[in-house]
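# Tertiary structure, described
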Amino acid sequence: MNWYFMRHGQINSNLNHVYSGRSDEPLNSTGLTQANRAAEVIKTAKIDSIICSPLVRTSQTANIVAIENQLSYHTDEAFIEMAFGPWEGKSETWVAEHYPFEWALWNSAPHKLQLPRRETLLELQSRVIKRMNKIAATKKAIENILVISHVAVIRAAVLHSENRPLSDYKSVQIDNCQLVPVTLREVPFWDHCL
């Protein structure tokens, strides 16, 4: 089974450096264009199944990609964006001003950040990898799966795939509608999470 991840198309919060988190913000015009281009790229990957986060921006992206490739898609809560807690809907500038210590930690050692109602990177990676393992165990006939999700989810999956620590989180660059192959390793992900 081959896994591919794709970040949703652009939303206005991406442009404004806002933590959109689990808000249901739709794609902007650039995001719609990106999704249509991505639909063409997907044709070369020969995708069998599409899964997406339940948020509007991922569902819009998945719908465009699925229609162009004559596929269906379904949503899965396990691939929803990270819960950002008190940072949800706030700009990076606002966060830096109101949470200076936590902002510095997020940019230097993101795997150590803990805030009320906010997922840690380990919690995020745990739910993503557990779900991938469950899907892999039950859908052995499917060869190529595309997950349309969010930057935090994809970074966590990539770090697991590359056997890298969560402290490398900020070094993983994921652009809107970028197709990213991910290998589901068979060793326990928690062995190398910190």
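This text follows the structure it describes.
Quick look at the structure, then. None of the values given here were measured: they were computed from a predicted structure.

## Brief notes about helix α2 (residues 29-42)
For α2, which comprises 14 residues, the first-to-last C-alpha distance of 20 Å matches the rise-based estimate of 20 Å (1.5 Å per residue) to within 8%. Buried residues of α2: Gly 31, Gln 34, Ala 35, Ala 38, Ala 39 and Ile 42, and no others. Looking straight down α2, one finds that the buried residues subtend no more than 150° of arc, so they occupy a single side. Exposed residues on α2 whose side chains face more than 90 degrees from its buried face are Ser 29 and Arg 37. Contacts from the buried residues of α2 go to β1 (2-7), α3 (56-68), β4 (144-149) and β5 (179-182). Between a side-chain oxygen at the N-terminus of α2 and the backbone nitrogen of Thr 30 the separation is 3.1 Å; the capping residue is Asn 28.

## A look at the pairing of β5
Here β5 shows a clear split, with Val 180 and Val 182 buried on one side and none of Leu 179 and Pro 181 buried on the other. For β1 and β5, the ladder comprises 4 bridges, and the chain directions are antiparallel. For Trp 3, the partnering residue across the bridge sits in β5 and is Val 182.

## Remarks on unusual backbone geometry
At His 17, a residue that is not glycine, the phi angle is positive and equals roughly 55°. When you line up the elements, His 17 lands in the loop between α1 (12-16) and α2. Note on His 17: relative accessible area 48%, which makes it partly exposed. Of note, Asn 163 is a non-glycine position whose phi angle comes to about 55°, a positive value.

Rules used throughout
Residues numbered from 1 in each chain as written. Predicted model: local features only at pLDDT ≥ 70, side-chain atom pairs only at ≥ 80, totals over all residues. Heavy atoms only, no water. Helix = DSSP H or I, 4+ residues; strand = E, 2+ residues; numbered from the N terminus. Expected span 1.5 Å × (residues − 1). Buried < 20%, exposed > 50% of the residue type's maximum accessible area, 1.4 Å probe, protein only. Arc of directions from axis to C-beta. Contact = heavy atoms within 4.5 Å. Polar contact = N/O pair within 3.5 Å; in protein donor to acceptor, adjacent residues only side chain to side chain. Pairing = 2+ DSSP bridges.

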